[in-house]
Amino acid sequence: MTQHFPSTRRLASVSLAIAGMLLSASAIAGARDQLDTFTQGLEGLDGNFSQQVFDTNGKVKEASNGTLALEAPRHFRWEYVKPYPQIIVADGQTVWIYEPDLDQVTRRPQGVEEQNSPLAVLIDPSRLESRFKVEEGGTADGLEWLVLAPKDPNDASFSSARLGFRDDALVRMQVTDTLGQATRIDFGAWRKNPAFGPGTFEFSPPEGTDVIGEG
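Residues numbered from 1 in each chain as written. Predicted model: local features only at pLDDT ≥ 70, side-chain atom pairs only at ≥ 80, totals over all residues. Heavy atoms only, no water.

Peer 1: Tell me what's going on with the overall build of the protein, and back it up with residues and numbers.
Peer 2: The number of helices and strands found in the protein is four helices and 12 strands. A buried classification covers 46% of the 215 residues belonging to the protein. Surface accessibility of the protein: about 10,100 Å² in total, with carbon and sulfur atoms responsible for 48%. (Helix = DSSP H or I, 4+ residues; strand = E, 2+ residues; numbered from the N terminus. Buried < 20%, exposed > 50% of the residue type's maximum accessible area, 1.4 Å probe, protein only. Areas by Shrake-Rupley, 256 points an atom, 1.4 Å probe, with all protein chains shown as cover.)

Structure representation (structure tokens):
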């Protein structure tokens, strides 16, 4: 969702990526099957997340947490609570990034970067084969993994993504960007097709806030 999903100062670039199995190995569905089950009839989704960003040596650079909401076909909202508040809203036309501590809003047209986010396949699974190279990643850390790589690297801000499933739900996403930096996102408390409140996917800059960029 940039993907929006990176360091608290670069979350719009990732975009918009995170126990053991109780079932026997013969009963475990593959990650692709679990993705299909999770996304069946899915038009909207909300939940919470915790995120870690690692440098190229595997050392944790930043840690954050917050909430997220996705709605078909092109709406999303990422709200970082700690350590620094930040709100990222895509209203279908414009991506807004609001940093309250800086009294600053950045806006830009919503484009292919968001469409090629690994989370986009949750709302529009038809994009999977058309936009990504897809393969099963096997079982690790009690999760079934699906590995995605953009077919057109020029239209994506990441080089690879791993989606980890358990009990037919997305539990973890791991994204490696084009510079080798990794982001891990753990998801929880998913609600499918919730009734979103008015204005969830709208944004108006607060009075007195500096607005930069074009929308």
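Following the structure, the description resumes.
Peer 1: Give me helix H1 (residues 31-39): which residues, what numbers.
Peer 2: Taken together, the buried positions of H1 are Ala31, Gln34, Leu35, Phe38 and Thr39. The buried side chains of H1 occupy one side of the element, clustering within an arc of 120° when seen end-on. Two residues or fewer after H1 comes Gly41, characterised by a positive phi angle close to 70°. (Arc of directions from axis to C-beta.)

Peer 1: If you had to explain the pattern of salt bridges to someone new, which residues and values would you point to?
Peer 2: According to the stated counting rule, one finds seven salt bridges in the structure shown. Where Asp46 meets Arg191, a salt bridge forms, and the shortest distance between an N and an O atom there is 2.6 Å. On the criterion of sequence distance, the pair formed by Asp46 in strand E1 (residues 44-54) and Arg191 in strand E11 (residues 182-192) is long-range, its members being 145 residues apart. By relative accessible area, which is 46% here, Arg191 ends up partly exposed. (Salt bridge = Lys/Arg side-chain N within 4 Å of Asp/Glu carboxyl O.)

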